[in-house]
Amino acid sequence: MIEIIFHGTGGQGVVVAAKLLADAAAKGGYQAQSFAAYGGERRGGKVESFLRISEEAMLVHSKVYEPDYVIIINENLAQDSAIVSGAKDGAGILINSPRPPQSFPLPGNLKIHTINANLIAAENGVLLPSGLPVVNTTIMGAVAALVPAIGLEELADAIREGGIPSPEKNIKAAQEAYHKLKAQLSGTTTAEPEAEEAPEVVAERYPSYRSKMPPCEANCPAGEPIHTTTLMVQDGRFEEALENIRAENPFPGICGRVCFHPCEADCNRNEFDEGIAANAIERAAFDFALADKLNQPTLRDKSGKRVAIIGSGPAGMSCAYFLALLGHEITVFEASPVPGGIPRIGIPEYRLPGEVVDREINQIVELGIEIRTSTSVGKDIPFQDITSEYDACFIAVGAHGAMKLNIPGEDGPGVIPGLDLLKDIALGKEHSIGSRVLVIGGGNVAIDAARTARRIGAKEVQIICLESRETMPAYQEEVEEAEREGISILNQTMPVQIHRTGKQLNKIECLKVTGGSRDEKGWLQWPEKNEGTNFMIEADSVIIAIGSSVATPFLPDNVEMSGPLIKVDDLGRTSVPRVYAGGDATTVPGSVV
Ligand code: SF4
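Residues numbered from 1 in each chain as written. Predicted model: local features only at pLDDT ≥ 70, side-chain atom pairs only at ≥ 80, totals over all residues. Heavy atoms only, no water.

(A) Region of interest: the overall build of the chain. A count of helices and strands for the chain gives 17 helices and 24 strands. Excluding contacts between residues fewer than 6 apart, the proportion of contacts in the chain whose partners are at least 24 apart in sequence is 65%. Per element, the accessible surface of the chain, about 28,300 Å² overall, is 50% carbon and sulfur. The distance from the centre of the 53 positive side-chain charges to the centre of the 79 negative ones in the chain is 3 Å. (Helix = DSSP H or I, 4+ residues; strand = E, 2+ residues; numbered from the N terminus. Contact = heavy atoms within 4.5 Å. Areas by Shrake-Rupley, 256 points an atom, 1.4 Å probe, with all protein chains shown as cover. Lys, Arg positive; Asp, Glu negative; His and termini not counted. Charge placed at Lys NZ, Arg CZ, Asp CG, Glu CD.)

What follows is the structure in C-alpha cells.
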C-alpha cells in the first residue's frame, strides 16, 4: 500500500489533486482512496488531503499518519520540518518550488525533490482569471513520475473526465512536469535553479501541526469518529453527533450502554485527571437526538445484487446496514422470533432495554431490508437454496450454544445454561429457580445470569469461578454492581459434582484451586486442584455460564473451519466464493463491537 499526504493552502487544489490521482490509480487497476482535512479557514488556510493506493482492498480508512510520499504545494510550509513528521524513512518529498532540495530544512533521511510547478503551469496557460497559475494538475504530473502506481495516460484521462476547465492545457502542463521530474530522477538533469535565481520565499509562517490518530479512535473496534462526536455533543448538536457515529456504526444506542469502552483506556486526558467518557457521550447522542430531526442516510442507486445474511445480531445487522446503503437488496434470516441477536435476547433489560435494540434494528429495517424471523437455516431453508438464490451470503450466527462442565450430575433437572435463562426471560418465559441459586462462571453472562436470578425471585445467589477476582473476564463495574445487589463471589473454586435428593438438586460439591490466570490472548491457564479442600454449597438451581459455543450444522463440508469457528481472511471471506462470515462465529473476539 502506498500512502501520500498533500499539503497546501486553500485554493491550491490540494483536494482535487488527491481525488484525480486516485481516479488515475483506479483506472490503472488499483484500489484507491482520497479524502481531505481542512484547517480553520478554507481560502488561504492550511489544507491537507490524503491518498492511499493498493493492489488489495483496503481496510484502513483513517487519515494518513506515516506517509510514503509528502507533496507540498505551498513551499512556505516546507520551511518547518514538522510538515514531514511521521514520514517513513526514505519517503519521497516533492515540493513545488524553484529552489533546489537542499534549500529546505528537512531531515536527511528523506528523498527531497523540487519542481517549479508555478512556472510550468504559467507557461502552459493554466491560469486563474486573475493571472495566477493553477498548479495542482502540474503537480499531479510530477506525482505520476514519482509514484509507480500512477500512469501518465491514466492521469490524462482522469483530468479529462474530472470536469477541469481547459483540460488539454492542464494535461500538457502535467506531462511537462512528469518528464522534468523523470529526468531529475534519472540524473539526466539537475534539480530546479539555484536559490539566487528564484523569487524570494514569502515570509509567512503557519502553526506547526502534526496529525496523529487519537488513542480513543485507534482503540474503538467500530472505528467511531469520537473526537468530532464529542465536540458535537458538547455543543448540544445531538442529531449531528448521532449521524456522525452512524456513518461508522449503526448501533450507538447499544454500544453506548454495553460496549466495554476500550476507547477510554488510553485517553490522553488520563494523564491530567480522567479519560473522556466516550461511552457516555455516545449514549447521550442516541438518547437526546430527536428522531424527527434526523437525516436519513443516503442510499446509492439499486445495484441489482441480492445478499442473504444469516443472523440478525450486531455483525449481521451492521452488514445489512452498510450493504443496503450501497444499494444491495438484503434479506436477513433469523432463527429467533425477534431480531437483534445477543443484545436483544442475551443481555438483561436492566442493562440494555429491548426498546433501544428495537429502535436501532428498526432504523436499519427502514432502509428496505427484509428480516425473516423464526427461520432457521438448515431447518426451515436449506443453506444451498440461499447460495443459489442470492449473489452473496454473510454468516453471522453468533455463539448461542452452551459449553458444558462435564461433571457428574450436570445433565439432571435444576441445571440451566446461563444464556438460555437470559433468552427465556427476554422472550417473556417464566422460570422457577428456587430461592438458592449457584452460578458457575466468571464472565459477563455469569454476572448477568446471577443478577437476573435475583430479579426473578432468588433470595441467595452465589457465583463460583476458577479465576481470581483480578483475572475474572467480567467487566469490573458489572462485578461490583452484582456485589452491591448482595451476590457473593467465591473465586478460585471448581465444581466437582452436582448432588440431588431424588430429582431435586440440593448441593454442589466444590474444590479450591490455585492459579486460574489468563494469558495475553485471554485464554484461561488451567488451575491446579488443591486436593482435600472439598466442600458443599447448598442450592436449588445451578446456572452454568462458562462460555458459549458456535453451532453451524447447516454449513457444507467445503466451508473451512478452525475448530468450531468459521475460517475467514481479513476481508471476512470463507473458503467458498461469495460466502462471507463475521462476528462470534469466526475468530473475532466476542463483544457487541
Ligand atoms: S464505547 Fe465502544 S463503540 Fe463506543 S466509542 Fe468506545 S469503543 Fe467505540
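(B) Quick look at the pairing of strand E14 (residues 460-464). As judged from the 5 bridges shared by strand E13 (residues 436-440) and E14, these two strands associate in the parallel manner. For Ile-440, the partnering residue across the bridge sits in E14 and is Ile-464. Regarding the hand of the β-α-β motif, the stretch spanning E13, helix H16 (residues 444-455) and E14 is right-handed. Here E14 pairs with strand E15 (residues 488-490) via 3 bridges, running parallel. Residue pairing in the sheet places Ile-463 in a bridge with Ile-489 of E15. (Pairing = 2+ DSSP bridges. Right-handed = clockwise from strand over helix to strand, strands pointing away.)

(C) A look at the pattern of salt bridges. Under the definition given, this model contains 32 salt bridges. One salt bridge in this structure joins Glu-75 and Arg-99, with 3.1 Å as the shortest N-O distance. Of this pair, Glu-75 sits in the loop between strand E4 (69-72) and strand E5 (92-96) while Arg-99 sits in the loop between E5 and strand E6 (111-115), and the two are 24 residues apart along the sequence. In terms of burial, Glu-75 and Arg-99 fall into one category: buried. (Salt bridge = Lys/Arg side-chain N within 4 Å of Asp/Glu carboxyl O. Buried < 20%, exposed > 50% of the residue type's maximum accessible area, 1.4 Å probe, protein only.)

(D) Examining the site of the ligand more closely. In the vicinity of the ligand lie 12 residues, with Cys-220, Cys-259, Cys-263, Asn-279 and Glu-282 positioned nearest. Tallied by class, residues from the shell around the ligand come to 8 nonpolar, 2 polar and 2 charged. (Near = heavy atom within 4 Å. Nonpolar A, V, L, I, M, F, W, Y, C, P; charged D, E, K, R; others polar.)

(E) View of the sheet that holds E14. Ordered by their spatial adjacency, 5 strands build an open sheet running E12-E20-E13-E14-E15, and the pairing between neighbours is parallel. The open sheet has two free edges, formed respectively by strand E12 (415-417) and E15, since each of these has just one partner strand. In this sheet, adjacent strand axes meet at a mean angle of 25° when their direction is disregarded. Along the sheet, helix H15 (residues 418-426) makes contact with E12 and strand E20 (541-544), crossing E12 at roughly 75°. (Axes fitted to C-alpha atoms, helices over the stretch in contact; angles between N-to-C directions.)

(F) Representation of the packing of aromatic side chains. One pass over the full model with this rule turns up 6 aromatic pairs. Centroid distance Phe-260 to Tyr-475: 6.0 Å. Interplanar angle 20°. Geometry classified as stacked. Note that Phe-260 is positioned in the loop between helix H9 (252-258) and helix H10 (278-288) and Tyr-475 in the loop between E14 and helix H17 (476-484), a separation of 215 residues in sequence. Note on Phe-260: relative accessible area 35%, which makes it partly exposed. When the ring centre of Tyr-350 is taken as reference, the NZ or CZ atom of Arg-455 above it lies at 3.8 Å. (Phe/Tyr/Trp six-rings, centres within 6.5 Å; stacked < 30°, edge-to-face > 60°. Lys NZ or Arg CZ within 6 Å of the ring centre and 35° of its normal.)

(G) Representation of the nonpolar core within the structure. The biggest cluster of nonpolar side chains holds 46 residues, and the ones touching the most others in it are Phe-6, Ile-71 and Val-143. Put simply, the parts of the chain that give this core at least two residues each are strand E1 (2-9), helix H1 (14-27), strand E3 (46-54), E4, helix H2 (117-123), helix H3 (136-146), helix H4 (152-161) and helix H5 (167-186). No other element matches H1, which puts 8 residues into this core. (Core = buried A, V, L, I, M, F, W, Y, C linked by side-chain atoms within 4.5 Å.)

(H) Summary view of the domain arrangement of the chain. Assigned domains of the chain: these are domain 1 (2-197), domain 2 (215-293), domain 3 (306-399 + 550-585) and domain 4 (402-547). For domain 2 and domain 3, the distance between their C-alpha centroids amounts to 26 Å. Contacts between the two partners involve 12 residues from domain 2 and, on the opposite side, 17 residues from domain 3. Our enumeration of links across domain 2 and domain 3 arrives at 0 salt bridges. Top element by residues in the side of domain 2 that touches domain 3 is H9. It accounts for 5 residues. Among the residues making up the side of domain 2 that touches domain 3, the classes are represented as 7 nonpolar, 2 polar and 3 charged. (Domains from an automatic or database assignment.)

(I) Representation of the state of the cysteines within the structure. Under the definition given, this model contains 0 disulfides. Between Cys-510, a cysteine without a disulfide, and Cys-465, which holds the nearest cysteine sulfur, the sulfur-to-sulfur distance is 11 Å. Among the residues examined, Cys-510 registers a relative accessible area of 0% and is labelled buried. (Disulfide = S-S within 2.5 Å.)

(J) Representation of H1. Taking 1.5 Å as the rise per residue, H1 with 14 residues should run 20 Å; its terminal C-alpha atoms sit 20 Å apart, in good agreement. Of the residues making up H1, those classed as buried are Val-14, Ala-17, Ala-18, Leu-20, Leu-21, Ala-22, Ala-24 and Ala-25. Backbone geometry just downstream of H1 places Gly-29 in the positive-phi region, at approximately 95°. (Expected span 1.5 Å × (residues − 1).)

(K) Geometry of the sheet that holds strand E24 (residues 579-581). Here 5 strands make up an open sheet; going across it, the order is E9-E8-E7-E10-E24 and the pairing parallel. Two strands close off the open sheet at either side, each with one partner strand: strand E9 (370-372) and E24. Direction aside, neighbouring strands of the sheet carry axes that sit 20° apart on average. As judged from the 4 bridges shared by strand E7 (residues 306-310) and strand E10 (residues 392-395), these two strands associate in the parallel manner. The residue bridging Ala-308 from the neighbouring strand is Cys-393, located in E10. Its contacts with the sheet put helix H11 (residues 314-325) on E7, strand E8 (329-333), E9 and E10, and the angle it makes with E8 is roughly 170°.

(L) Spotlight on the environment of Asp-301. By the element assignment, Asp-301 lies in the loop between H10 and E7. Accessibility expressed as a relative area gives 70% for Asp-301, which makes it exposed. Put simply, Asp-301 and Gly-131 are 170 residues apart on the chain and 42 Å apart in space, counted from C-alpha to C-alpha. Leaving out residues up to four positions away in the same chain, Asp-301 has contacts with Leu-326 and Gly-327.

(M) Seen up close, helix H7 (residues 226-234). Among all positions in H7, only Ile-226, Thr-229, Met-232 and Val-233 are buried. Buried residues of H7, viewed axially, fall in a sector of 125°; they line one side. Buried residues along H7 sit in contact with helix H6 (215-219), helix H8 (238-246) and H10. In the segment just after H7, Gly-236 is the residue with positive phi, at about 75°. (Arc of directions from axis to C-beta.)

(N) Seen up close, the pairing of E7. With 4 of 5 residues buried, E7 lies mostly within the body of the structure. As judged from the 5 bridges shared by E7 and E8, these two strands associate in the parallel manner. Within E8, the position partnered with Ile-309 by the bridge is Val-332.

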